[in-house]
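Descriptive structure summary
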Amino acid sequence: MADLKRIAICGFNLESNRFAPSCARPDFEENMYFQGDEISRQARLETPAIHLGVKGFYAVMDAAFGGVEGWRAAPAVIVGSTPAGPVEEVFFKEFLQELRERLQAIGPVDGVYLCQHGAAVATHTHDPDGDMFALVRGIVGPDVPVIATLDLHANVSEVMMDTTDMLIGYRTNPHVDMYERGEEAARAMLEVFAGVRPEKFRIRLPLVAPSVTQLTAEGYPYGDLIRLGQTRIGEAVMNVTILSGFAFGDTPKNGMTVITHTRGDPALARRVTTELAEAGWADRQRYRTAMISLVDATARAKTVGADGTAEPLLFADPADNPGGGGRGNTTYILKSFLDAGVEGCVLSVFFDKAAVAVAVAAGVGARIKVTLNAEEDTEFSDPLAVEARVVSLHDGRFVGHYGMVAGTTGDTGATAVLDLGGVTVICISKRQQCRSSDYISAFGIDPAACRSIVVKSRGHFRAGFQHLFPAERILEIDVPGLTSPNLANFDWRYLPRPVFPLDPDAAWESS
Ligand SMILES: [Zn+2]
């Protein structure tokens, strides 16, 4: 049995918004913190709580080696937080220490799968992802294949490039291909086991576009570029990864990144990457936002609320997206809708642990007076005093059916449905974005019966609402927040300048 392939599994998943409050151990333990054999158990569950990339990776390996006993998964540690600010130095170093000890205990391996986000920053460094990759490479040595999957919002450093054999990015935004990219990582590793030597080349463009413009649906420039890249896949080209990056990381490594992996042909990797980078740069003027004003949005919500025959509308608040480090609790839209007397609206979801506690103490059916954001002091998260009826209370656990949460178990923590009169607010205790209509139906409300819905999300919700709302009935509202698509609102400190579109005259030429 000594020749069974042993593959270490690990990962650190955080998208850091430089302008948001820092995060530490509790943020990871609340969201995803799996160690040792629990990783393998999760990976083989029907609806796991672990990252779906791990599930995809295991599925391919189990099939390739004739079952669970045909290879040796060597699971170390995989963690993830809801997007937040920089990770605190003390916790990150503790995590690295745990990873080091676990990898040393595992001993020699034949490969490493890194299930990574790739856009973390730490309070002490711009590149914690690179630190982790370097640690892994240092332990396993130069000859063991190290293959990572990355979120397409990853900001890739030189260290991340130099310490890995392949960096395989998601190709969909909203991200509905995590499972498939985990599968792809496994298939690539099998090729390396069979003797293929991946060669990669990357170019980083001075292009840091607002996240709302980086969708991959038809008609969006980023989607067009990714699809162009996929036409180059073939016998020689293994993988084309094009990462839009995450603006709010505000790091020197920001910028849209093209990486081509070939089967042993470095010149071809360079050629394909250059061609795609040139195409992406030539298309840069198309990365434009299309938001409407709060006044306009309020009027439209009022109209559909009053007219039962009008088509329902879905409003997004991209500036307060927990998926980008937002707190998920600003009240600009809620206050405007309440003041205007909007009817038939559901806001899903609003993060306010203290408000949920008030509702739980009062019980279902009670009328309460509560101040939203009473215990929150982050910029933009203003308090708002409201009166509400407690419609229902929930433990927050549900199985998702749509979009990115399909086939996974969701958990919003203790959850209260509050009727504020015209606007119903689904109040949660675990900060996260509304990624699908499951975040409404799980709490006893029929999403198809709402006159309007407000989500605090930049774009991931689209995959989970497309069965109810065509794109033309989805409207993004321009309000302040930690994740505002108006990039000029921010005090950038570390972005490489000049960079498009912040600096409209930014120039780039392939060398
Ligand atoms: Zn992402």
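Residues numbered from 1 in each chain as written. Predicted model: local features only at pLDDT ≥ 70, side-chain atom pairs only at ≥ 80, totals over all residues. Heavy atoms only, no water.

Turning our attention to the overall build of the protein. Along the protein, the regular secondary structure elements total 14 helices and 19 strands. Whereas a compact globule of 511 residues would reach a radius of gyration of roughly 24 Å, the protein reaches 23 Å, a difference of no more than 12%. Buried positions account for 61% of the 511 residues belonging to the protein. Contacts in the protein between residues at least 24 apart in sequence constitute 74% of all its contacts with a sequence separation of at least 6. Of the roughly 18,800 Å² that the protein leaves accessible, carbon and sulfur atoms contribute 50%. When the 47 basic and 64 acidic side-chain charges of the protein are each reduced to a single mean position, those positions are 1 Å apart. (Helix = DSSP H or I, 4+ residues; strand = E, 2+ residues; numbered from the N terminus. Rg over C-alpha atoms; globule rule 2.2 N^0.38 Å. Buried < 20%, exposed > 50% of the residue type's maximum accessible area, 1.4 Å probe, protein only. Contact = heavy atoms within 4.5 Å. Areas by Shrake-Rupley, 256 points an atom, 1.4 Å probe, with all protein chains shown as cover. Lys, Arg positive; Asp, Glu negative; His and termini not counted. Charge placed at Lys NZ, Arg CZ, Asp CG, Glu CD.)

Residues Ser452 and Val454 line one face of strand β18 (residues 452–455) and the alternating positions Ile453 and Val455 line the opposite face, and both faces are buried. Sheet analysis places strand β11 (residues 345–351) next to β18, joined by three bridges and oriented parallel. Considered in β18, the bridge of Leu347 is made with Val454. (Pairing = 2+ DSSP bridges.)

Turning our eyes to something else, we now look at the sheet that holds strand β6 (residues 166–169). Spatial strand order, β2-β3-β1-β4-β5-β6: six strands in an open sheet with mixed pairing. Each end of this open sheet is capped by a strand with a single partner; those strands are β2 (32–35) and β6. Averaged over all pairs of adjacent strands, the angle between their axes in this sheet comes to 15°, without regard to strand direction. Here β2 pairs with strand β3 (residues 72–80) via four bridges, running antiparallel. Residue Tyr33 lies in a different strand from β3, and its bridge partner there is Val79. (Axes fitted to C-alpha atoms, helices over the stretch in contact; angles between N-to-C directions.)

A few words now on the coordination of the zinc ion. For the zinc ion, the full set of protein donor atoms is Asp151 (OD), Asp151 (OD), His153 (ND1) and His175 (NE2), at a range of 2.0 to 2.6 Å. Relative to the metal, the four donor atoms surrounding the zinc ion lie at angles of 53 to 143°, and the coordination shape comes out irregular. (Donors = N, O, S within 2.8 Å, 3.2 Å for Na, K, Ca; no water. Tetrahedral: all angles 85-135°; square planar, octahedral: opposite > 155°, others 65-115°.)

A word on the pattern of salt bridges. Enumeration according to the criterion identifies 31 salt bridges in this entry. The residue Lys430 makes a salt bridge to Asp411 at a minimum N-O spacing of 2.8 Å. Within this pair, whereas Lys430 is found in the loop between β17 (423–428) and α13 (438–441), its partner Asp411 is found in strand β15 (residues 409–411), the two being separated by 19 residues in sequence. Among the charged side chains, a salt-bridge network with shared partners connects Glu218, Asp224, Arg227, Asp283 and Arg286. (Salt bridge = Lys/Arg side-chain N within 4 Å of Asp/Glu carboxyl O.)

A word on the sheet that holds strand β7 (residues 198–204). Within a sheet, each strand pairs with its neighbour through backbone hydrogen bonds, oriented either parallel or antiparallel. Ordered in space as β7-β9-β8, the three strands form an open sheet in which the pairing is antiparallel. The open sheet is flanked by β7 and β8 (237–243), the only strands paired with a single partner. Between one strand axis and the next, the sheet turns by 10° as a mean value, whatever way the strands run. In terms of strand pairing, β8 meets strand β9 (residues 257–263) through six bridges, oriented antiparallel. Along β9, the bridge assignment pairs Thr241 with Ile259.

Attention shifts here to the domain arrangement of the protein. For the protein, the assigned domains are domain 1 (1–196), domain 2 (197–289 + 487–511) and domain 3 (294–484). The centre of domain 2, based on its C-alpha atoms, is set 33 Å off from the matching centre of domain 3. Taken together, the nine residues of domain 2 in the interface contact ten residues of domain 3. For the pair domain 2 and domain 3, the two sides together bury roughly 700 Å², of which 61% comes from carbon and sulfur. The interface formed by domain 2 and domain 3 includes zero salt bridges. (Domains from an automatic or database assignment. Buried area = accessible area lost by both parts, 1.4 Å probe.)

Soluble globular proteins: nonpolar side chains tend toward being buried together. Within the largest apolar cluster, 68 residues are counted, with the highest numbers of intra-cluster contacts made by Phe12, Phe95, Leu99 and Val112. Core analysis: the next-biggest nonpolar cluster, separate from the first, contains 35 residues, Leu347, Ala388, Leu418 and Ile477 among them. (Core = buried A, V, L, I, M, F, W, Y, C linked by side-chain atoms within 4.5 Å.)

If you add up the space inside the largest pocket, you get close to 1,100 Å³. Lining the largest pocket are 49 residues, with Asn31, Met32, Ser81, Thr82 and Arg435 sitting closest to its centre. In terms of residue class, the lining of the largest pocket is made up of 17 nonpolar, 22 polar and ten charged. When its volume is computed, the second largest pocket comes out at roughly 430 Å³. Lining the second largest pocket we find 22 residues, and of these Asp27, Arg327, Phe351, Lys353 and Arg431 sit closest to its centre. Only α1 (25–31) and α12 (353–362) provide two or more residues apiece to the lining of the second largest pocket. A breakdown of the residues in the lining of the second largest pocket according to their chemical character gives six nonpolar, seven polar and nine charged. Split by domain, the residues of the lining of the second largest pocket number at least three in each of domain 1 (1–196) and domain 3 (294–484). (1 Å grid on protein atoms, 1.4 Å probe; cavity = no way out; pocket = protein on both sides within 12 Å on 5 of 7 lines; lining within 4 Å. Points joined across faces, edges and corners; volume = space filled by probe spheres on them. Nonpolar A, V, L, I, M, F, W, Y, C, P; charged D, E, K, R; others polar.)

Evaluated as defined, the whole model comprises 20 aromatic pairs. Seen from their ring centres, Phe398 and Phe443 are 6.1 Å apart, and the 85° between their planes marks the pair as edge-to-face. Residue Phe398 is located in strand β14 (residues 397–399), and its partner Phe443 is located in the loop between α13 and β18; the two are separated by 45 residues in the primary sequence. Here the two residues Phe398 and Phe443 agree in accessibility, since each one is buried. (Phe/Tyr/Trp six-rings, centres within 6.5 Å; stacked < 30°, edge-to-face > 60°.)

A word on the pairing of β3. Where burial is concerned, most of β3 is hidden: seven out of the nine residues are buried. Here eight bridges tie strand β1 (residues 6–13) to β3, and the two strands are oriented parallel to one another. Counterpart to Cys10 in the pairing with β3 is Val77.

Here we take up the environment of Arg270. Looking at where Arg270 falls in the secondary structure, it is placed in helix α9 (residues 266–282). Residue class for Arg270 comes out partly exposed when judged on its relative accessible area of 40%. Placed 69 residues apart in sequence, Arg270 and Phe201 show a C-alpha to C-alpha distance of 5.4 Å. Not counting residues up to four positions away in its chain, the partners in contact with Arg270 are Phe201 and Ser511.

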